[in-house]
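Chain residues, written in single-letter form:
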Amino acid sequence: MGFQTADVGGLRIFYREAGDPSKPTIVLLHGFPSSSHQYNDLIPLLANRFHVLAPDYPGMGYSDAPSPTALQPTFDDVSRVIDAFIAQRTSGPFILYMHDIGGQIGMRIATAHPERIAGLVVQNFTLTEEGWNPERLKVYERIGGPETPEKLAETEQFATVQRAEYLHKTGARQPDALNPDIWAIDAYAFAIPASRTFMSRLFRTVSTNIPHFAEWIADLKERQPKTLIVWGRNDPLLLPAAAEFMKQVLPAADLRYFDGGHYVLDEYSNEIADAIIEKFTR
């Protein structure tokens, strides 16, 4: 696995890369408040069969946090950066692996370039409001809308190492056996004030994705891309109802549940790698 940076419109974007570029490309889009490191165990398991790319979003992981004059902390703007990054690194079709907010970023890319999408891997993200824990939906509604110092301060509490540890451990099959490096690495970006503010402002706008759900659902129903759904059944934020809804939209999709939480790869990288290889290469 290699660790590199790309200049995308003047922004320094960190990414992990592995595998032969002549092989099918799979792009791994991470969740919040994480980075491409959440795929650290998965990447080498896929590298023999795929060209693997895993970028850190602006203001997250090891990527630069842009000033508001350079890039707005919105899903539209961040998606455009990741779209441009993918265009830099691969010219052919690619599989999109989408987790959590990576789903909202990935669906913007998939609907902008449907001819380039060779398949989808869906991990714990929703295209229906019923897919969120109702208490989490209330949080998005409360912190959304016009920014205030109080709303930003509340949102920044989701960009902490304690929150990252909670999300990795809650619902995990063996939480006490998890490698603490997983959430300790997230702390790097939390410690950079500009990064923490940028990612918090982005997270504050999660509810702005809801009006796009109907468009994205219609696109998936029409195109029916080859899809694998892998789901941590015990996720405290995103419910199995979201996975079942995705299966209704994409009846030919393979749906596989695991006894894990929001970051199901922490415990099931081998099984999920096998499922990806089976779905997209055999």
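The rules behind the values
- Residues numbered from 1 in each chain as written.
- Predicted model: local features only at pLDDT ≥ 70, side-chain atom pairs only at ≥ 80, totals over all residues.
- Heavy atoms only, no water.
- Helix = DSSP H or I, 4+ residues; strand = E, 2+ residues; numbered from the N terminus.
- Buried < 20%, exposed > 50% of the residue type's maximum accessible area, 1.4 Å probe, protein only.
- Polar contact = N/O pair within 3.5 Å; in protein donor to acceptor, adjacent residues only side chain to side chain.
- Pairing = 2+ DSSP bridges.
- Core = buried A, V, L, I, M, F, W, Y, C linked by side-chain atoms within 4.5 Å.
- Axes fitted to C-alpha atoms, helices over the stretch in contact; angles between N-to-C directions.
- Contact = heavy atoms within 4.5 Å.

Undergrad: Mind showing me how you'd approach the environment of threonine 197 here?
TA: Mapped onto the elements of the fold, threonine 197 is located in helix H8 (residues 193-203). Overall, threonine 197 belongs to the partly exposed group, its relative accessible area being 22%. A C-alpha to C-alpha distance of 37 Å links threonine 197 and alanine 275, two positions 78 residues apart in sequence. One polar contact links threonine 197 to glutamate 156, side chain to side chain, over a distance of 3.5 Å.

Undergrad: When you look at the pairing of strand S3 (residues 25-29) in this model, what are you seeing that I'm missing?
TA: It is a general feature of regular strands that their side chains alternate between the two faces of the sheet. Along S3, five of the five residues are buried, which leaves the element largely enclosed by surrounding structure. Residues of S3 alternate between two faces, with Thr25, Val27 and Leu29 on one and Ile26 and Leu28 on the opposite face, all of them buried. Pairing of S3 with strand S4 (residues 51-55) involves three bridges; the strand directions are parallel. Its bridge partner lying in S4, threonine 25 is registered against histidine 51. Where S3 and strand S5 (residues 94-99) come together, five bridges link them in parallel fashion. Opposite threonine 25, over in S5, you have phenylalanine 94 as the bridge partner.

Undergrad: Would you take a moment to explain the nonpolar core for this structure?
TA: Note on soluble globular proteins: their nonpolar side chains tend to be buried together. Counting 66 residues, the largest nonpolar core has Leu96 and Leu127 as its most contacted members. Counting residues per element, this core draws most heavily on helix H2 (residues 75-89), which supplies six residues.

Undergrad: Just to check I follow, could you spell out the sheet that holds S5 for this structure?
TA: What holds strands together in a sheet is hydrogen bonding between their backbones, with the strands either parallel or antiparallel. Here eight strands make up an open sheet; going across it, the order is S1-S2-S4-S3-S5-S6-S7-S8 and the pairing mixed. The sheet is open, and its two borders are formed by strand S1 (2-8) and strand S8 (254-258), each paired with just one other strand. Ignoring which end each strand starts from, the neighbouring axes of this sheet average 20° apart. Pairing analysis gives six bridges linking S5 to strand S6 (residues 117-123), with the strands arranged parallel. Following the sheet pairing, isoleucine 95 is matched in S6 by glycine 119. Where H2 meets the sheet, it contacts S1, strand S2 (11-18), S3, S4 and S5, and its direction lies at approximately 115° from that of S1.

Geometric descriptors of this kind do not, in isolation, establish any biological role.
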